[in-house]
Amino acid sequence: MCRWSVKRNRGRDQTRVGADLNQARSSKLVGLNERAARRVGISPILIGATALIISGAFAGVAGGVLLGGTAFRVNSGFSNNYGWEGLLVGLIARSNSLHVIPFALLYGALRAGGGVLAATGVSASIVGVVQALIVLAVALPSFYMSRRSARVATARLEVASA
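About the thresholds
- Residues numbered from 1 in each chain as written.
- Predicted model: local features only at pLDDT ≥ 70, side-chain atom pairs only at ≥ 80, totals over all residues.
- Heavy atoms only, no water.
- Helix = DSSP H or I, 4+ residues; strand = E, 2+ residues; numbered from the N terminus.
- Expected span 1.5 Å × (residues − 1).
- Buried < 20%, exposed > 50% of the residue type's maximum accessible area, 1.4 Å probe, protein only.
- Contact = heavy atoms within 4.5 Å.
- Patch = residues over 30% accessible without salt bridge, like charges linked within 9 Å, V, L, I, M, F, W, Y side chains within 5 Å.
- Areas by Shrake-Rupley, 256 points an atom, 1.4 Å probe, with all protein chains shown as cover.
- Salt bridge = Lys/Arg side-chain N within 4 Å of Asp/Glu carboxyl O.
- Core = buried A, V, L, I, M, F, W, Y, C linked by side-chain atoms within 4.5 Å.
- Axes fitted to C-alpha atoms, helices over the stretch in contact; angles between N-to-C directions.
- Parallel < 35°, antiparallel > 145°, perpendicular 65-115°, else oblique.
- Left-handed = near helix turned anticlockwise from the far one by under 90°.
- Nonpolar A, V, L, I, M, F, W, Y, C, P; charged D, E, K, R; others polar.

(A) Region of the structure containing helix H8 (residues 126-161). Here H8 contains 36 residues, and its C-alpha end-to-end distance of 52 Å stays within 8% of the 52 Å for a straight helix at 1.5 Å per residue. Buried within H8 are the following residues: Val 127, Gln 131, Ile 134 and Val 135. Among the structural elements, helix H6 (82-92) and helix H7 (97-120) are those in contact with the buried residues of H8.

If you want it as structure tokens, here you go:
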């Protein structure tokens, strides 16, 4: 898995679809400005549909492996919040495939350690609290810096117009 992630990160531009997805991701045109994306030659509908199809295929394969490898039927608690934790790992890693691996291992260790904590008498919900603190520790500094740069830009405009 690690080798695939490194290889994917290096060779992202080797296919046409990969180059299109990488161009859309790096310039942030599709999500932020659809009109600008069209002017550069990127089809936002095609890029969005391709990304949804690829992610749906990966989710389907993961669900099939989970279903076929354990109970061979759907039970309550089947997914066990894997999707939400994967979303949080992607958020913390900031969509960088090389950073996903250590954060996924960290979240897996926290999940596995939750059972041990419950056996010692500590509430298992402490794992969720630790995960939330990790998300806040990663997300808040970038949010603060973007707000700060917006305030500085506004102050510069006010000074320049005065």
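(B) Quick peek at a nonpolar patch on the surface. There is a patch of nonpolar side chains on the surface, built from Val 122, Ile 126, Val 129, Val 130, Leu 133, Leu 136, Leu 140 and Phe 143 and spanning about 680 Å² of accessible area. If you trace the backbone, Leu 136 turns up in helix H8. Its relative accessible area of 45% is what places Leu 136 among the partly exposed residues.

(C) A look at the pattern of salt bridges. Across all of its chains, the model carries one salt bridge by this definition. A salt bridge links Arg 111 to Glu 85; the shortest N-O distance between them is 2.9 Å. Placement of Arg 111 in helix H7 and of Glu 85 in helix H6 is noted, with a sequence separation of 26 residues between them. Residue Glu 85 is classed as buried on the basis of its relative accessible area of 16%.

(D) Seen up close, the environment of Ala 112. For Ala 112, the location among the structural elements is in helix H7. Linking Ala 112 and Val 127, residues 15 residues apart in sequence, is a C-alpha distance of 9.6 Å.

(E) Fine view of the side chain of Gln 131. When you line up the elements, Gln 131 lands in helix H8. Non-local contacts of Gln 131, meaning those with residues more than four positions away in its chain, are made with Glu 85, Tyr 107 and Leu 110.

(F) Region of the structure containing H7. For H7, spanning 24 residues, the distance from its first C-alpha to its last is 35 Å, which sits close to the expected 34 Å at 1.5 Å a residue. Looking at H7, one finds that the buried residues are Ser 97, Tyr 107, Leu 110 and Gly 114. Gly 121 lies just past H7 and shows a positive phi near 105 degrees.

(G) Here's a closer look at the nonpolar core. Within the largest apolar cluster, seven residues are counted, these being Val 89, Ile 92, Tyr 107, Leu 110, Val 127, Ile 134 and Val 135. Breaking this core down by element, the ones donating at least two residues are H6, H7 and H8. Leave out the neighbours within four places in its chain, and Val 135 touches Leu 88, Leu 91, Ile 92 and Tyr 107.

(H) Geometry of the packing of H7 against H8. Contact geometry of H7 with H8 gives a least axis separation of 9 Å together with a crossing angle of 155 degrees. As judged from the angle between their axes, H7 and H8 are roughly antiparallel. In this structure, the crossing between H7 and H8 has a hand that is right-handed. Residues Leu 106, Tyr 107, Leu 110, Arg 111, Gly 114 and Leu 117 of H7 form the contact with H8, whose own contacting residues are Ile 126, Val 127, Val 130, Gln 131, Ile 134 and Val 135. In the contact of H7 with H8, the residues fall into nine nonpolar, two polar and one charged.

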